[in-house]
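A look at the structure
Spelled out from the first residue to the last, the chains are:
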Amino acid sequence: MAWGEDEAIGPDVTSAGLHVSERIGRDAAAQPDLEEALEASRYASHPYSSHPKEWPPLVEVAETRQLPPMLIERYNAAAGEGTALCGIFSDIHRAWATVDNSFFVWRFDKWDGQCQVHNVDEQAICAVGLARAKPGIFVEAIQYLLVLATPVELVLVGVCCSASADGTDPYAELSLQPLPEYMIATDGVTMTCITCTDKGQIFMAGRDGHIYELQYSTGSGWRKRCRKVCLTTGIGSLLSRWVLPNAFKFSTVDPIVDMVIDEERNTVYARTEGMKLQLFDLGASGDGPLTKITEEKNIVDPRDAPYGGRRPNAARAARSPKPSIVCVAPLSAMESKWLHAVAVLSDGKRLFLSTSGGSGSSVGLNNGLQRPTCLKIVATRPSPPLGVGGGLTFGAVSAAGRAQPEDLALKVESAFYSAGALIMSDSSATAMSSLLAVQKDSATQLSLPSAFGTASRGSRALRETVSALPVEGRMLCASDVYPLPDAAFIMQSLYADVECFAGFRKPSEKASIKLWAKGDLPTQHILPRRRVVVFNTMGLMEVVFNRPVDILRKLFDGNTLRSQIEEFFNRFGAGEAAAMCLMLAAKLLYAEDSLISNAVSEKAAEAFEDPGLVGMPQIDGTTALSNTRTQAGGFSMGQVVQEAEPLFSGAYEGLCLCSSRLLYPVWELPIMVIRGPAGANEPGDGVVVCRLSTGAMKVLESKIRSLETFLRSRRNKRRGLYGYVAGLGDSGSILYKTGPIIGSSSRSNGKSPYSSQIRDMNPADQSASSKKPRLLYTSAELAAMEVRAMECLRRLLRRSGEALFLLQLICQHNVARLAQTLGNDLRKKLIQLTFHQLVCSEDGDQLAMRIISALMEYYIGPEGRGTVDEISTKLREGCPSYFNESDYKYYLAVECLERASMTNNHDEREILARDAFNLLTKIPDSADLSAICKRFENLRFYEAVVRLPLQKAQALDANADVINGQIDPRHHDTVTFQREQCYEIVMNALRTLKGVGQSGTQGVGKSSGLATAVDPASRSKYIKQIIQLSVQWPDTVFHEHLYRTLIGLGLENELLEYGGSDLVSFLQSAGRKHQEEVRAGGNKFHDLGAPISTSQTKYLELLARYYVLKGEHIAAARMLLILAERQCSTSEEAPTLDQRYQYLSSAVLQAKSAGITADSSRNPIDSSTVDLLEGKLAVLRFQMQIKQELELMASRLENHPSSSESPSDPFPRENILADAETAKAAKDKAKELSLNLKSITQLYNDYAVPFNLWEISNLPVIELRKTHSWGLVCLEMLSFANYSGDADSKIVREIWARLLDQALTRGGVAEACSVVKRVGSKLDPADGACLPLDIICLHLEKAALDRLSSGEELVGDDDVARALLGACKGLPEPVLTVYDQLLSNGAIMPSLNLKLRLLRSVLAILREWGMSVIAHRLGTTSAGASFFFDGTFSLNQTGASNQGVRDKIISLANRYMTEVRRLNLPQNQTENVYRGFRELEEKLLSPY
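Bear in mind that the values here come from a model prediction, so they are computed numbers and not experimental data.

So, about the overall build of the protein chain. When helices and strands are tallied, the protein chain shows 50 helices and 33 strands. Put simply, the protein chain has 1488 residues, and 51% of those count as buried. A sequence separation of at least 24 residues applies to 66% of the contacts in the protein chain between residues at least 6 apart. For the protein chain, the exposed surface amounts to about 67,500 Å²; the carbon and sulfur share of it is 51%.

If you want it as C-alpha cells, here you go:
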C-alpha cells in the first residue's frame, strides 16, 4: 500500500479492519427480532421503565402552532354543526382539514402564512386522500393527486409542489390544480376512508362495506378518463345491491372505517366499525388484484384474562367493557421477520399479528413464494401503567400479570405507531388528557454478551420507556415528519443493502424512517432526531424524541453535577457512553440537529478521556484462575484455564463502537454493482456503477474524517492515555511502531484483539509464582497496548475516509467507462470488491491503482478535460495513501509521453520522452512498466525501455540477495518471478523489433505491425542500442536472460558482436563447461567425456564463433574439436558425420590460421596441433566411408538374396549373402558409426575386418564398379596407420590381388589400369607396404600379355606403364626401379615375350621422361612438347629437367637397347623396341 508519514503501517489497518468486522458481526447478532424480544419479555418483571427525573426529558414538545385563522373562521361559521375532518400529508409536509365542502391545506412544520382552500360542490366532504400521480397522464408539474369524496361524487385535484429559490426546501410552494375531467359519481356509496399506495393506486372504503379502486387514465375512444371499480363484490353482492330492494336486506352492514397498506409485503389491513380486522393481498409485486385473505371477528376477546375473564387460581374480577381497536399499523421487516402488524386497543394493550400460517416463517420482502394466509395474534403487550411521570419501580411481579382497576386503566382515544414508537392519547379520569410516548429503552440495547458468547434471555427482552406529556385537547391524528428528500436519499443509499431497503419503493422519505426501528444507539450518529406532528383539537404540536446522545449533550450543556454524568455512564455502560462522547466531541450528529457548542464538545472530550468515567485498561481476571482442587480436598486434574487477556477501557470500546457503526453500511458490501435493463441477468448485460450515491459517501466521509481528526488532535496534544504513555518516555516505539501489531487474538467479550504475550514478572517473585497468579502485564504495558490499538483504529478511519473520497472522485468521471478499461478479469474483481477489501487488502489497493490509472489516462488523453496537476492535487489532498508523490510523478511522466506521441517535431518528442524518463527513474518501483515501456517503444526511446525495468528489478532486490543466494527460500520464487517480469519487458521490445510475438512465434498483431513499420536499417540500429544498453547494466542474471533471448530470436551475430564480458562464461556454462577451462594454456586437447545435449550444442557453436570473431584461433579450434567429438547416447541427439566433418575441417582451418598469425607475429606455434587435427579429420573420413559401405552392404544383402548368386563366381559369398543377420549386423554397425567418432584401430579391427570389405566379387557388374572403394579404404587405413606387417606383406598383397582380379574380370586390363591409377594415387609411392608396385606391375603385365596373345583384348604397349606412373603421381623413378628389378630377376621373368613387353613399357616411361626434358629446353610446357603423349606426369616435371636427368635417361636408354639385343627373339619382334630406345637417345643428344 502507498502510505505516507506516520501512517505507513499497513498491517495495523488490516488488523483493525478485522476487529471492525468482528464488532459489526457482534452488533448485528445482538439485535433481536421483535418476536424474540416479546417472547423474552414474558419472563421479565419490568417490561416498562421510566426516565430519570433529573435528566432532560426523552420526549418533549418542540413547538405548537395554531390552526390557520381562515380554518377557524370557517369552522366557527358552521357553529360546530358541520362535517369536519382533519389529517396530515407527510409526503408534502402539509396538514389538512375540511369543513363541510371546503378543503384547507397548510404547512405543518412552519407557518408561512399560506393556507390553500379548495371548495367542491354543495355536498360535504366525507373522505380525503393523497396519491402520487402516475407518470404519463398529467403534466410533470402535477406530482400528487388530491382525492376528495362527497356522498355524490369523487373529485381529483392536481397538487403541484415547487422548491424554494435556494433549493433547500423542496415543499416551499404548493398549488392546487382543478381537474374537471376527472370527476365521477359515487353511485350512492358514501366513502368512509381513502388510502393510496406508493405506486399511485387509490383504494376507497364505502359505507356499504366494500372496497373500491379509483382508476384514471388519459382516456381514449369510449373509455372514460376516470372510473370507480368495486374490488370486493361478487355475484351475490351484485344481486343484493341491484335486484333486491333495501326492504328485503335484513343483515346489517359493517363498514370499513380505516385502511392501512403494508408497502413492503403488499398487503392491506382494514378495520370495521364492528372491530373486525380484514386482510387483503395485492400480490407479490403489489399490482395484482385485491384478494381478500381472511376476516377476524374476535381479535379482541372479552374472555381474555386481562379483561376480567376467569383465570386459574384467581378470584373473579369485575367484568370490564370490551376494548376497541383504535389503531392498526404494519411492522417493517426491519423490526421483525415473523410479526407483520400491530393493533393498539383502547385500553393501551397491543396485539402483535402475523399473516403467516406456519411457525418460524414469514412473508418476506417482495417474496412471491409465500403470500399471507391468515391473521393471528402471536404476542401481546400489556398497557403501560399510569403514573409514569413520577417514576416506576420495578417489582418482582410482571406488569403483564396484574389487572389494573377500572378507574386507573388507560382510555386511549387515538394512537399512532411507527417504527417502534407509539403515541397514545389518554383520556382516563384525570384533570386533563395526556400524550403517552412509548419507545424502546436504549439502555437495554447494549450488546453485552453472556459468558457463552450469546445474549441471555433477560438482555434480549423488550423493555420500553414511557413518557407522559400533559396537553390540552384530544389527539385527532399524528404522523412522522419525514426528512427532506436529499437526506432521505442519502440514508436509503447507505442502508439499502444492509437493512432490507432493497424491497422498498419510492419515496425514499417514507422508507428512511424505518431505520428508527433499529433503535437509537446504532443510528443516532447518522439519523436526525425523530419528530412526530400531532394534530389535536387545539392545533398542531411537534413532538421530538431525544436520543441518548441528545440527553448527554444537554447534560453537558447545563450545570450538571458529576454524579449525573456518572449515572449516565452507569446506565448506558462506559463503552456506549464513551461512543456518545466521541460523537459530541467530533461533532458527528445529524446536520439538522442543533449545533454543538465548543464548550459541549470540550466537555465531551474530557469525559471521553476521564479514567473515572471510562475506566482504565486492566486484566480480565474472571478467566485467569481455575480451581484445581476437589470439594473433598483431593487432587483434581483441574479445569481448562483460559489465559487472562487485557480488557481495555470504555474509551477504546467507545471508539470501536463509533467506528464500526460509521462503517457498518459499507464495510462488508461491494463498492460497485452492475445495473442494466430489466431482466438482465448476466453480468455483462449492465454497466458498472458505484453502489452508494455521491452524497451518501460525502456525508459518511465527513463524519469519518471528523472522528479521525479529533483523535489525531488528542494524540498530538498528549491527552488522556496518550499523555500517560508519552510520560513513560518511550512513546515513539508504541505509537509509531512499524512492526506487527501487538497480539493477534480476535476473541469477543469486549476484549481488544491487539493483546500480546508480554510477560512482566520480577525475578525475585518467581519463587512465589506457584502461590499467587503472575501479573501478565503492568499498568504501563496495558496503557501502551490500548493506545496502540486506538492508533490502529485511527489509521483505519483515515484510510476509510480516503477510500470514500476516492470513490466520490471516480463516480464523478463515469465509473462504467473507467471500469471498461480494466478488462474482464479485473472488472469481475472490481464488482466483487468490498469496502473492507478496498481499505485493508493489497487487492483493493491494486484495483484502486488501476482505476486511478484509467482516470489519469482519461484526463491526459486526447479527449481529456484537464491536466495531471489538476487531478493529482485532488488525489494527493483527498487520498494520499492511494495516491502519493510517486504516483504524481508517474502520471506526470504519462502526460509527457502522451504529449510526445501527439507531436510531429522530432526534437520536441525526444525532450518530452527524456523528461518522462527522468521522472520515472526517481520512482522505479512504483510505475506500471508493462504499459509505460510500450509508450517508450512507440516513441523509439529505448533507453527508458531498458533502464526502467532494470531499475525496478534492482529495487525489488536491493541487496542482491537473489544473486548471492542469501534470500529467504520462502520469498525466493516470488522475488525471482517479479524480477523476470521486469526482464521480459526488455525482451518483448526485442521481440517486437524482430517481428516475433511474445510467445516466440511470428507476430501477427501489434508486434509485427510495429516491426514492419521500421525499415531494416533502423531496426538493426535499435536492436544494437538495446543490446548495448543492456550489456552495460551490471546484472549477470539479466545478462543470461538477455543472451538466451537473443539466441532464441536468431540474433547470434549481434550477440557475438555486442555481448558483454560475461558472454564467454555464459556460453561455457550454458554449454556445460568442464572443470578445465577451454582457453587454458597448452596445446593438448582434453577429451570431454560427458555427453553434450543438442540444446547445449548451440552455445558451444556460438562460443567457437566468438573465438573466431575475436581472432583466438586455437581456442576456436579446440571448441570445434569438442563439438566434433561430443559423445551422444541416441541418434536423435548425435550430429551427423558430415556435421562432425565440418567441425573438424573448421578446426583444422583455425589451427592453420593460428600458425599463420604466429608466423606473422614471430611467435612460433607447435605444429602438432595441426597434425593432430588433420589426423582426426582423416580418421573421420575413413569412418564416413566405412559407414557408407556398410549401409550399401546392408541394402545389397536385402535386395539380392543368396538365390540370385552365380555359382561361377570365383569368390563365393554364399554364407554372407544368404545370412539375413549379416544385413542386420551391418545396419547396427553403421548406426554405431553415426553416433560417436571411432579410432583408426576400432575402424579397421571392429568394422573393416569383420565384414571382409574387400571380398565382394560375386555381385552384378553395376555394383562391382563400386567395390574398389572398399579395398581403397582398407589400403588408406593401413597407409595412414604406417602399417608394417609380416615380411611378405601378405595382407596388402591379398588386397591388391583381389582388387586387380575383380577389375580384370569386370573390364579387362583397361579397367585394372584405371583402378591402379585411382587407388594408387591416394597412397604414398614411397610406402612400399601399401603400394607394392612390383606385384601390381607383374600382375598387370602378365594379364596384358595373355589377353593380347589370346586376342581377347587389344592392350596398348604403354597402358600398364601409364597406369603405374599415375599411381606414383607421375614420378618415373619408382616405376623404372620396379621394372628394372623385374627385368634383372630371371626367376620371375622366364618368358621372353613377357620380358619384351616389360621393355616396351620401360620405353614408354623413358620417352615420357625425355619429352619433359626437351620441353624444358625449348622453353615450353611439357603439354606442348608431348603432342603425341598424354603428358599425365609431365606437369610435375616442368622446370625439373637438368643435365643430370638427361644423361640418366640417355644411359638407361643405352642399357635397355642392349637388353633388347640380347633377347633371343625374332628381329621383327624386337626391332621396333630397339629403334625406339635409339631415337630417344638421339633426341636427347640433339642440341634442339
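From this point, the narrative continues.
Here we take up the pattern of salt bridges. Counted under the stated rule, the structure contains 59 salt bridges. A salt bridge links Asp-109 to Arg-107, with the nearest nitrogen and oxygen atoms 2.6 Å apart. The residues Asp-109 and Arg-107 share a single accessibility class, namely buried. Across the pair Arg-714 and Glu-609 runs a salt bridge, and its minimum N-O distance is 2.6 Å. In this pair, Arg-714 sits in helix α14 (residues 694-716) while Glu-609 sits in the loop between α11 (598-608) and α12 (611-614), placing the two residues 105 residues apart along the sequence. One exposure class covers both Arg-714 and Glu-609, and it is buried.

Under the defined criterion, the tally for this structure stands at 12 cavities of 30 Å³ or more. Along its surface, the largest cavity is lined by 18 residues, and Gln-439, Trp-516, Gly-519, Asp-520 and Arg-530 are the ones closest to its centre. Looking at the lining of the largest cavity residue by residue, the class counts come to six nonpolar, seven polar and five charged. By volume, the second largest cavity is sized at about 110 Å³.

If you trace the four strands from one edge of the open sheet to the other, you get β19-β20-β21-β22, paired in antiparallel fashion. Only two strands of the sheet have a single partner each, and these edge strands are β19 (325-330) and β22 (376-381). Taken pair by pair, the neighbouring strands of this sheet meet at an average axis angle of 25°, ignoring direction. In the sheet, strand β21 (residues 350-354) pairs with β22 via five bridges, with the strands oriented antiparallel. By the bridge assignment for β22, Arg-350 is matched with Arg-381. Lying over the sheet, helix α2 (residues 34-41) contacts β21 and β22, oriented at roughly 55° with respect to β22.

Next up on the list: helix α35 (residues 1113-1124). Compared with the 16 Å implied by 1.5 Å per residue over 12 residues, the 16 Å span of α35 between its first and last C-alpha is a close match. Most of α35 is tucked away: 12 of the 12 residues are buried. Three or more residues of α35 are buried, namely His-1113, Ile-1114, Ala-1115, Ala-1116, Ala-1117, Arg-1118, Met-1119, Leu-1120, Leu-1121, Ile-1122, Leu-1123 and Ala-1124.

Attention shifts here to the sheet that holds strand β29 (residues 539-545). Strand order in this open sheet of four strands is β2-β29-β28-β27, and the pairing throughout is antiparallel. Because the sheet does not close on itself, it has two edges, and the strands there are β2 (59-65) and β27 (475-480). The mean angle between the axes of side-by-side strands here comes to 25°, regardless of whether they run parallel or antiparallel. Relative to β29, strand β28 (residues 530-536) is paired through seven bridges, and the arrangement is antiparallel. Each bridged residue has a counterpart across the sheet, and for Val-534 the counterpart in β29 is Met-541.

Moving on, we come to the environment of Arg-1126. Along the chain, Arg-1126 falls in the loop between α35 and α36 (1137-1160). With a relative accessible area of 4%, Arg-1126 lands in the buried category. Sequence separation between Arg-1126 and Leu-1237 is 111 residues; the distance between their C-alpha atoms is 8.5 Å. Ignoring anything within four residues of it in the chain, the contact list for Arg-1126 reads Ile-1092, Ser-1093, Thr-1094, Thr-1097, Glu-1133, Ala-1134, Pro-1135, Arg-1140 and Asn-1236. A distance of 3.3 Å separates polar atoms of two side chains, one belonging to Arg-1126 and the other to Thr-1097.

Take the side chain of Gln-564 next. Mapped onto the elements, Gln-564 comes out in helix α9 (residues 562-572). Overall, the relative accessible area of 17% leaves Gln-564 in the buried class. Excluding anything up to four places from it in sequence, Gln-564 contacts Glu-54, Trp-55 and Leu-555.

Residue position: Asp-258 is located in strand β15 (residues 256-262). Residue Asp-258 is classed as partly exposed on the basis of its relative accessible area, which comes to 22%. Sequence spacing of Asp-258 and Thr-195 is 63 residues, and the spatial spacing of their C-alpha atoms is 8.6 Å. Not counting residues up to four positions away in its chain, the partners in contact with Asp-258 are Cys-193, Tyr-269, Ala-270 and Arg-271.

Contact geometry of helix α21 (residues 842-860) with helix α23 (residues 885-902) gives a least axis separation of 10 Å together with a crossing angle of 35°. For the crossing formed where α21 meets α23, the hand is right-handed. Judged by residue contacts, Met-849, Ile-852, Ser-853, Met-856 and Ile-860 of α21 engage Tyr-891, Val-894, Glu-895 and Glu-898 from α23. Along the lines of polarity and charge, the residues of the contact of α21 with α23 split into six nonpolar, one polar and two charged.

Further remarks concern the nonpolar core. Counting residues in each nonpolar core, the largest one holds 228 residues, and the members touching the most others are Leu-707, Leu-796, Phe-835 and Phe-936. Leu-796 has contacts with Val-13, Ala-16, Gly-17, Val-20, Leu-663, Trp-667, Val-839 and Cys-840, leaving out every residue within four places of it along the chain. Formed by 62 residues, the second largest nonpolar core is a distinct cluster that contains Ala-1344, Val-1360, Ala-1361 and Leu-1394.

Before going further, it helps to examine α21. Between its first and last C-alpha atoms α21 spans 27 Å; for 19 residues at 1.5 Å apiece the expected length is 27 Å, and the two agree. Taking the backbone nitrogen of Gly-844 as reference, a side-chain oxygen 3.0 Å away marks Ser-841 as the first, capping residue of α21.

Let us now look at the packing of helix α28 (residues 969-994) against helix α31 (residues 1036-1048). Relative orientation of the contacting elements α28 and α31 amounts to 25°, with a least axis distance of 10 Å. Between α28 and α31, the angle falls in the class roughly parallel. The hand of the α28/α31 crossing is right-handed. Between α28 and α31, the contacting residues are Tyr-983, Glu-984, Val-986, Met-987, Leu-990 and Arg-991 on the first element and Val-1037, Phe-1038, His-1041, Leu-1042, Thr-1045 and Leu-1046 on the second.

Under the definition given, this model contains 22 aromatic pairs. Ring geometry for Tyr-890 versus Tyr-891: centroids 4.8 Å apart, planes at 75°, classification edge-to-face. Among the residues examined, Tyr-890 registers a relative accessible area of 7% and is labelled buried. Its relative accessible area of 4% is what places Tyr-891 among the buried residues. Centroid distance Phe-917 to Phe-941: 5.9 Å. Interplanar angle 55°. Geometry classified as tilted. Residue Phe-917 is located in helix α24 (residues 906-921), and its partner Phe-941 is located in the loop between α25 (929-938) and α26 (942-956); the two are separated by 24 residues in the primary sequence.

So, on to the state of the cysteines. Throughout this description, disulfide means a covalent bond between two cysteine sulfur atoms. In the structure shown here, the tally under the stated rule is zero disulfides. Residue Cys-86 stays outside any disulfide, its sulfur separated by 4.4 Å from that of Cys-477, the closest cysteine. We classify Cys-86 as partly exposed; its relative accessible area is 24%. Cysteine Cys-690 remains unbridged, with the sulfur of Cys-811 as its closest cysteine sulfur at 3.5 Å.

Calculation rules
Residues numbered from 1 in each chain as written. Predicted model: local features only at pLDDT ≥ 70, side-chain atom pairs only at ≥ 80, totals over all residues. Heavy atoms only, no water. Helix = DSSP H or I, 4+ residues; strand = E, 2+ residues; numbered from the N terminus. Buried < 20%, exposed > 50% of the residue type's maximum accessible area, 1.4 Å probe, protein only. Contact = heavy atoms within 4.5 Å. Areas by Shrake-Rupley, 256 points an atom, 1.4 Å probe, with all protein chains shown as cover. Salt bridge = Lys/Arg side-chain N within 4 Å of Asp/Glu carboxyl O. 1 Å grid on protein atoms, 1.4 Å probe; cavity = no way out; pocket = protein on both sides within 12 Å on 5 of 7 lines; lining within 4 Å. Points joined across faces, edges and corners; volume = space filled by probe spheres on them. Nonpolar A, V, L, I, M, F, W, Y, C, P; charged D, E, K, R; others polar. Pairing = 2+ DSSP bridges. Axes fitted to C-alpha atoms, helices over the stretch in contact; angles between N-to-C directions. Expected span 1.5 Å × (residues − 1). Polar contact = N/O pair within 3.5 Å; in protein donor to acceptor, adjacent residues only side chain to side chain. Left-handed = near helix turned anticlockwise from the far one by under 90°. Core = buried A, V, L, I, M, F, W, Y, C linked by side-chain atoms within 4.5 Å. Parallel < 35°, antiparallel > 145°, perpendicular 65-115°, else oblique. Phe/Tyr/Trp six-rings, centres within 6.5 Å; stacked < 30°, edge-to-face > 60°. Disulfide = S-S within 2.5 Å.

Function-wise, these values are silent; they only describe arrangement.
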